[in-house]
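Below, each chain spelled out in residue letters.
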Amino acid sequence: MSGQHELKLSVEGMSCASCVGRVERALKAVPGVEEARVNLASESAQVVYHDPATPQALTEALEQAGYPARRRTVTLEVESMSCASCVGRVDRALAAVPGVLDVNVNLAAETATVTYLEGQVQPADLIRAAGEIGYPAKVRQAEAAEDMGARKEAEAQALKRRLIVAAVLSLPVFLVEMGSHLIPGLHHWIDGTIGRQTSWYLQFLLTTAVLAGPGRQFYLKGWPALLRGAPDMNSLVAVGTTAAYLYSVVATFWPELLPEQSRAVYYEAAAVIVVLILLGRFLEARAKGRTGEAIRKLLSLQAPTARVLRGDDFVEVAAEEIVPGDIILVRPGDRIAVDGEVIEGRSHVDESMITGEPIPVEKAPGDAVTGGTVNGAGGFRFRATRVGADTTLAQIVKMVEEAQGAKLPIQGLVDRITLWFVPAVMGVAALTVLVWLVFGPEPALTHALVAGVAVLIIACPCAMGLATPTSIMVGTGRAAELGVLFRKGDALQALQGVQVVALDKTGTLTQGRPELTDLRLADGFERAQVLALVAAVERGSEHPIAEAIVRAAKAEGLDLPRAEGFASLTGHGVQAEVEGRRVLVGADRLMAREGIDLGDLAQVGEELAGEGRTPLYAAIDGRAAAVIAVADPLKPTSRDAIAALHRLGLEVAMITGDNRATAQAIARQVGIDHVEAEVLPEGKVAALEALRAGGQKLAFVGDGINDAPALAHADVGIAIGTGTDVAIEAADVVLMSGDLRGVVNAFEISAATMRNIRQNLFWAFAYNTALIPVAAGVLYPAFGLLLSPVLAAGAMAMSSVFVVSNALRLRRFRPSLAAVEDTGRGGLPARPAPAE
């Protein structure tokens with residue numbers, strides 16, 4: 001036993017004493033739990049445990065029992081992080097707070113997103129944990145797009161000012177010491193005028209000003225980190241420049257302490273290293289500011305004000321002051337402030353920034369409107385239903401932010417390496433100095449200093465820490481512009497392992513609005529009578545096929561009698577009594593179950609199914625009366641999307657409740673490889689398992705409503721949203737429009753992002769691995785080459801700039817099949833707000 005712990009959990013779903021018992025049993029079943037006390041009144045559980053029990057294991061046990069622990073997520077703005085080693089330390093410190101379940105530290109965004117158990121942890125605990133290891137933090141407040149942009153710009157401007165001061169002070173030092181390489185005879189001219197010793201005094205003064213002024217941030221952060229035994233990038237710069245500076249100070253003021261051949265100064269190395277690293281950070285800050293462009297564009301869709309009914313008049317109020325139930329006036333050209341329902345007036349609304357559909361949608365009383373969309377020429381009033389963080393736009397922003405802060409599995413390798421990278425570099429630098437002092441030619445001390453400082457400077461792991469998060473931020477942001485929302489950031493990587501894409505048929509491949517195409521009668525029945533009876537029964541069902549039958553009956557002007565005793569027979573059909581007659585409507589398996597002989601209607605049904613239509617059968621008073629054919633037309637883009645998935649090397653399957661003949665007919669039309677037909681709603685998970693034969697990874701595409709179990713069971717669940725219903729908890733990826741080409745976009749942006757991450761990681765690791773030996777002097781015996789610390793600083797700074805710039809290329813990603821017109825009408829933030 002390695003220590004006893006106590007944990008307080010806030011538990012959802014408890015309503016009675018039996019719930020309390022189940023929660024207690026679930027917690028006590030976790031190995032290591034000594035005691036579990038559950039309080040129904042406070043809806044909490046106090047758990048005393050020891051190893052191997054963990055907070056994660058306890059929350060998983062509650063989840064499986066159906067009583068999930070309440071969790072909260074907070075995003076902290078973390079200061080002073082400069083490299084991947086910092087990320088690892090912040091991650092470990094926050095994860096060590098009892099009750100913290102998950103930590104995602106993002107170097108590019110300078111944030112830490114922490115998921116913790118409600119009631120056990122407070123944000124103040126997290127802020128304290130980060131501050132104790134030298135990384136001040138604060139809870140991020142909701143910021144306007146302009147505020148976020150202004151903050152990034154201010155940061156870049158501050159770096160720019162320090163850079164200019166450092167460059168102005170360092171230029172004379174560089175010219176005096178290195179100018180003879182550019183201007184022959186300069187050293188002789190300096191020796192003959194002010195003298196070498198005087199020039200060293202001037203270099204000392206200027207370099208001291210550089211290190212104490214613009215460069216002091218490296219020492220204020222680097223030395224304390226080193227003393228804590230947790231060196232970071234600032235530590236490498238501090239040690240390297242301090243070594244060059246102190247060596248030069250000794251050569252300037254106490255030259256007798258050094259061998260005569262080693263009396264040289266390296267002020268220009270210390271000063272120019274600071275200049276080059278500040279230059280790299282300035283360019284990096286400007287580039288990093290652009291990685292969050294997608295979020296700022298999304299936030300810019302929010303209407304700042306709205307005209308709200310207050311008393312008898314409409315007055316302009318700030319959008320954040322709107323509450324559910326408020327009546328809002330929308331004039332022509334206005335941007336809608338919040339989600340709501342139209343109560344008066346008509347208009348057409350441009351919803352392309354939400355759904356990606358370029359055609360304006362007609363709105364009339366009873367229709368839903370979405371915040372961030374733009375009204376057309378008409379005017380209307382609507383009642384606010386969702387405001388603030390509950391609006392569709394706010395949910396989209398939240399999804400994108402969460403995806404941008406995700407830590408992919410590939411990042412785990414980076415974290416493990418960078419955790420030990422900086423200490424290893426310091427060890428290599430020390431070994432380099434020792435080898436040069438023992439085996440190096442004269443002046444050995446000078447060579448040892450140059451090589452040691454070059455190793456310290458060139459090995460800074462900034463590029464490693466930025467490689468993954470910058471690509472994720474830009475890639476998921478670009479995906480959002482294309483109407484693809486990654487609810488779970490690791491889906492970016494998971495999509496690349498998928499071999500099979502399984503599609504739900506209704507609403508995914510098809511329009512989701514079936515139409516009645518055929519009504520074939522058995523002998524002795526009349527069309528009007530049968531259709532009226534069947535429609536009367538189906539009026540009690542919400543199934544799309546039922547709606548199609550009711551629409552057809554109303555279109556023929558039939559009066560529908562009242563149905564009594566309606567019952568839905570899941571997966572089979574419906575039944576009711578109409579005007580004293582028992583009416584059954586459903587699939588052939590319902591008729592078989594009820595012992596009803598279909599006779600010739602069975603053959604008719606097979607023929608209709610062969611044409612891609614769905615046959616249903618009607619029985620009246622135990623006798624087969626008719627076969628009804630309903631067809632759900634394919635979406636016009638389905639065929640192109642499936643062809644594109646094939647080009648990506650993916651197999652495509654369809655899961656449907658239709659009979660096999662109908663399903664095969666549809667599959668032939670669009671080029672589907674595998675068909676799982678006659679699948680009951682609860683059988684979709686089993687159908688996925690059948691498609692997984694051979695251990696293949698599988699993605700499931702569904703509408704996110706009745707497909708939740710299948711979406712959760714698939715390796716990657718892709719939900720086709722409705723534009724307004726984006727909070728689909730079971731899905732990993734949400735498509736904002738019903739266009740199946742969005743699935744292709746998701747795979748392509750995933751591939752582009754992962755390719756970009758691999759490029760960045762290769763550059764970062766290969767760069768450091770290849771150049772450390774060069775900096776240490778491995779080329780000196782053969783070629784007489786020793787890497788200058790100044791060149792090492794320039795190369796290191798440019799490495800980070802390369803990684804961020806490479807990630808920014810994802811902003812120009814263009815899908816092979818544009819699910820939306822991406823030149824002004826498609827994607828979430830592509831359309832600018834209309835002129836007010």
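Calculation criteria
- Residues numbered from 1 in each chain as written.
- Predicted model: local features only at pLDDT ≥ 70, side-chain atom pairs only at ≥ 80, totals over all residues.
- Heavy atoms only, no water.
- Pairing = 2+ DSSP bridges.
- Helix = DSSP H or I, 4+ residues; strand = E, 2+ residues; numbered from the N terminus.
- Axes fitted to C-alpha atoms, helices over the stretch in contact; angles between N-to-C directions.
- UniProt positions renumbered as here; feature names shortened; annotations may be inferred.
- Salt bridge = Lys/Arg side-chain N within 4 Å of Asp/Glu carboxyl O.
- Buried < 20%, exposed > 50% of the residue type's maximum accessible area, 1.4 Å probe, protein only.
- Parallel < 35°, antiparallel > 145°, perpendicular 65-115°, else oblique.
- Contact = heavy atoms within 4.5 Å.

1. A few points about the sheet that holds strand 6 (residues 111-117)
Okay, so step 1: Taken in spatial order, the four strands of this open sheet run 5-6-4-7, and their pairing is antiparallel. In this open sheet, the two edge strands, each paired with only one partner strand, are strand 5 (100-106) and strand 7 (137-139). Taking each pair of neighbouring strands and ignoring which way they run, the sheet shows an average axis angle of 25 degrees.
Okay, so step 2: Examined bridge by bridge, strand 4 (residues 71-78) and strand 6 share seven bridges and lie antiparallel to one another. Note that in strand 6 the partner of Glu-77 across the bridge is Thr-111.

2. So, the UniProt feature "transmembrane region" (unreviewed entry) in the protein
Okay, so step 1: Sequence positions flagged by UniProt for "transmembrane region" (unreviewed entry) are, in local numbering, residues 163-186, 198-215, 236-254, 266-283, 417-439, 445-468, 761-780 and 786-808.
Okay, so step 2: Taken end to end, residues 198-215 has its terminal C-alpha atoms 24 Å apart, with 83% of it in helix and 0% in strand.
Okay, so step 3: As annotated, residues 236-254 comprises 95% helix and 0% strand, and the C-alpha atoms at either end are separated by 26 Å.

3. A word on the sheet that holds strand 27 (residues 716-720)
Okay, so step 1: Pairing is mixed across the open sheet formed by seven strands, whose spatial order is 16-28-27-26-17-24-25. Since the sheet does not close on itself, it has two edges, and those belong to strand 16 (484-486) and strand 25 (674-676), each with one partner. This sheet shows a mean twist of 20 degrees between the axes of neighbouring strands, independent of strand direction.
Okay, so step 2: Pairing of strand 27 with strand 28 (residues 733-735), which is carried by three bridges, proceeds in the parallel orientation.

4. Quick word on the pattern of salt bridges
Okay, so step 1: Evaluated as defined, the whole model comprises 22 salt bridges.
Okay, so step 2: For the salt bridge of Arg-72 with Glu-118, the shortest nitrogen-to-oxygen distance reads 3.3 Å. Residue Arg-72 is found in strand 4, and its partner Glu-118 is found in the loop between strand 6 and helix 4 (123-132); the two are separated by 46 residues along the sequence.
Okay, so step 3: Since its relative accessible area comes to 22%, Glu-118 is described here as partly exposed.
Okay, so step 4: In the salt-bridge network here, residues are joined through shared partners; they are Arg-307, Glu-316 and Asp-334.

5. Looking at the packing of helix 27 (residues 741-776) against helix 29 (residues 789-808)
Okay, so step 1: Between helix 27 and helix 29, the least distance of the axes is 9 Å, while the angle of their chain directions is 170 degrees. Judged by the inter-axis angle, helix 27 sits roughly antiparallel to helix 29. Judged by residue contacts, Asn-756, Gln-759, Asn-760, Trp-763 and Tyr-767 of helix 27 engage Ala-792, Ala-795, Met-796, Ser-799, Phe-802, Val-803, Asn-806 and Ala-807 from helix 29.

6. Considerations on the pairing of strand 17 (residues 500-504)
Okay, so step 1: Within strand 17, five of the five residues are buried, which leaves the element mostly enclosed by the surrounding structure.
Okay, so step 2: Every second residue of strand 17 is oriented toward a common face, with Val-500, Ala-502 and Asp-504 on one face and Val-501 and Leu-503 on the other, all of them buried.
Okay, so step 3: Summarising the sheet, strand 17 and strand 24 (residues 651-655) pair through five bridges and their orientation is parallel. Across the sheet, Asp-504 pairs through a bridge with Ile-655, a residue of strand 24.
Okay, so step 4: In the sheet, strand 17 pairs with strand 26 (residues 698-702) via four bridges, with the strands oriented parallel. Within strand 26, the residue paired with Val-501 across the bridge is Ala-699.

7. Some remarks on the environment of Ala-731
Okay, so step 1: Following the sequence through the fold, Ala-731 ends up in the loop between strand 27 and strand 28.
Okay, so step 2: Sequence spacing of Ala-731 and Leu-711 is 20 residues, and the spatial spacing of their C-alpha atoms is 5.6 Å.
Okay, so step 3: Each residue touching Ala-731, except ones within four places of it in the same chain, is listed here: Arg-487, Lys-488, Leu-711, Gly-717 and Ala-719.

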